[in-house]
Amino acid sequence: MAADLGDLAAFVAVARAGGFRDGARASGMSASGLSEAVRRLETRLGVRLLNRTTRSVVATEAGLRLLERLMPALGEVEAALDVVNGFRDRPAGTLRLNVPVSAARLVLPRIVPPFLAAYPDICLDVVAEDGFVDVLAAGCDAGIRYDDRLEQDMIAVPIGPRAQRFATAASRAYLDRRGRPEHPRDLLDHACLRGRFASGAMTAWEFERDGDIVRVDPGGPLIVRVGAATDLAVDAAIAGTGIITLFEDWLRPHIDRGMLEPVLEPWWQTFSGPFLYYPGRRYLPAPLRAFVDFINTTRVGP
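Please read all numbers here as calculations on a predicted model, not as lab measurements.

Unusually for a residue other than glycine, D210 sits at a positive phi of about 55°. Within the secondary structure layout, D210 lies in the loop between β9 (205-209) and β10 (212-216). A residue is classified by how much of its surface remains accessible, and D210, at 80% relative accessible area, is exposed. Phi at L264 takes a positive value of approximately 55°, unusual for a residue other than glycine. Within the element layout of this structure, L264 appears in the loop between β13 (261-262) and β14 (270-272).

Right, here's the structure in full:
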């Protein structure tokens, strides 16, 4: 009743992702290939492992028991195979990262080109999204998040600038028309351009000065999905639609060119920079180990 290792890996990919499409994205296989592999495994074992509906794929009790035993075993297989990588002159393979859009835009551009130049046999596969994602279930080796969003039992390594700020700005035309706010609460009388996370939660507008923290929930004519549509809000601010709060590094080029004017700058809040995080396991895949070593020896940003 020996099962093919590839079929077992296909089952794990689908069960962890909760669907064939997401499992295909995580594993690099096609959805049809995964479906055939799982069907073949179920036939060989003589038991259903997944309950399939038009909306979801959920592991059966037998599937859950199998998944529980397989995941550490397959992890050991991957680690054993990766030992061979140590005999190469240079690390090789694919490194999959799950990162927020802000990190893909503001942090990785200064790291990725020199890293890939140093390790030409590594392929970096970056998935940028702003939802709360289990990087392992998504088929990724590591992720980038800010400290208040780190998952438990993960190792965190600083990456990119260690301090960042939120900036607030608007076009000069808008401020000449509506006035310049002098206190964060003045924003309640302005048109503000807001962001909404995939969870449905609105981004908080928080300001700080001399230990005094002020949180406001302003209204406005535009709400965009954080990450995916943030540039739309920036363009609207430049066009004079309203006031925007965003990472300073995102707005700085527009401020320096005079397209946006800083607002409430003494109140801009500073926060700690992002971290690369990954499972605290003994053996790291060679591409991830090379990436961790690279960012540890090549600090980017203040």
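Having seen it, we continue.
To continue, consider the confidence of the model for the chain. Looking at the chain, the pLDDT average stands at 86 and 86% of residues meet or exceed 70. Between the elements of the chain, mean pLDDT differs from a low of 74, seen in helix α4 (residues 61-83), to a high of 98, seen in β13.

Moving on, we come to the packing of helix α1 (residues 5-17) against helix α3 (residues 31-45). At a minimum axis distance of 8 Å, the contact between α1 and α3 shows a crossing angle of 115°. As the angle between them shows, α1 and α3 are arranged roughly perpendicular. Remark: the crossing between α1 and α3 carries left-handed chirality. Taking contact as the criterion, the partners of D7, L8, A10, F11 and V14 in α1 are, on α3, L34, A37, V38, R40, L41 and R44. For the contact of α1 with α3, the residue count by class is 8 nonpolar, no polar and 3 charged.

What follows deals with the layout of surface pockets. Reported here for the second largest pocket is a volume of approximately 900 Å³. F166, F197, T203, A204 and F247 are the residues nearest the centre of the second largest pocket, which is lined by 36 residues in total. At the level of elements, α5 (101-106), β7 (163-170), β8 (192-196), β9, α8 (230-238), β12 (243-247) and β14 are the ones that each hand at least two residues to the lining of the second largest pocket. Looking at the lining of the second largest pocket element by element, the count peaks at 4 residues for β12. Residues that form the lining of the second largest pocket fall into these classes: 21 nonpolar, 9 polar and 6 charged.

Attention now moves to the sheet that holds strand β6 (residues 154-158). Ordered by their spatial adjacency, 5 strands build an open sheet running β4-β3-β5-β15-β6, and the pairing between neighbours is mixed. Two strands bound the open sheet, and with one partner strand each, they are β4 (122-128) and β6. Adjacent strand axes in the sheet meet at a mean angle of 25°, parallel and antiparallel pairs treated alike. As paired strands, strand β3 (residues 93-99) and strand β5 (residues 142-145) are joined by 2 bridges and run parallel to one another. Each bridged residue has a counterpart across the sheet, and for N98 the counterpart in β5 is G143. Sheet strands in contact with helix α10 (residues 286-297) are β3, β4, β5, β6 and β15 (275-279), and its direction is about 60° off that of β3.

Conventions adopted
Residues numbered from 1 in each chain as written. Predicted model: local features only at pLDDT ≥ 70, side-chain atom pairs only at ≥ 80, totals over all residues. Heavy atoms only, no water. Helix = DSSP H or I, 4+ residues; strand = E, 2+ residues; numbered from the N terminus. Buried < 20%, exposed > 50% of the residue type's maximum accessible area, 1.4 Å probe, protein only. pLDDT = per-residue confidence, 0-100. Axes fitted to C-alpha atoms, helices over the stretch in contact; angles between N-to-C directions. Parallel < 35°, antiparallel > 145°, perpendicular 65-115°, else oblique. Left-handed = near helix turned anticlockwise from the far one by under 90°. Contact = heavy atoms within 4.5 Å. Nonpolar A, V, L, I, M, F, W, Y, C, P; charged D, E, K, R; others polar. 1 Å grid on protein atoms, 1.4 Å probe; cavity = no way out; pocket = protein on both sides within 12 Å on 5 of 7 lines; lining within 4 Å. Points joined across faces, edges and corners; volume = space filled by probe spheres on them. Pairing = 2+ DSSP bridges.

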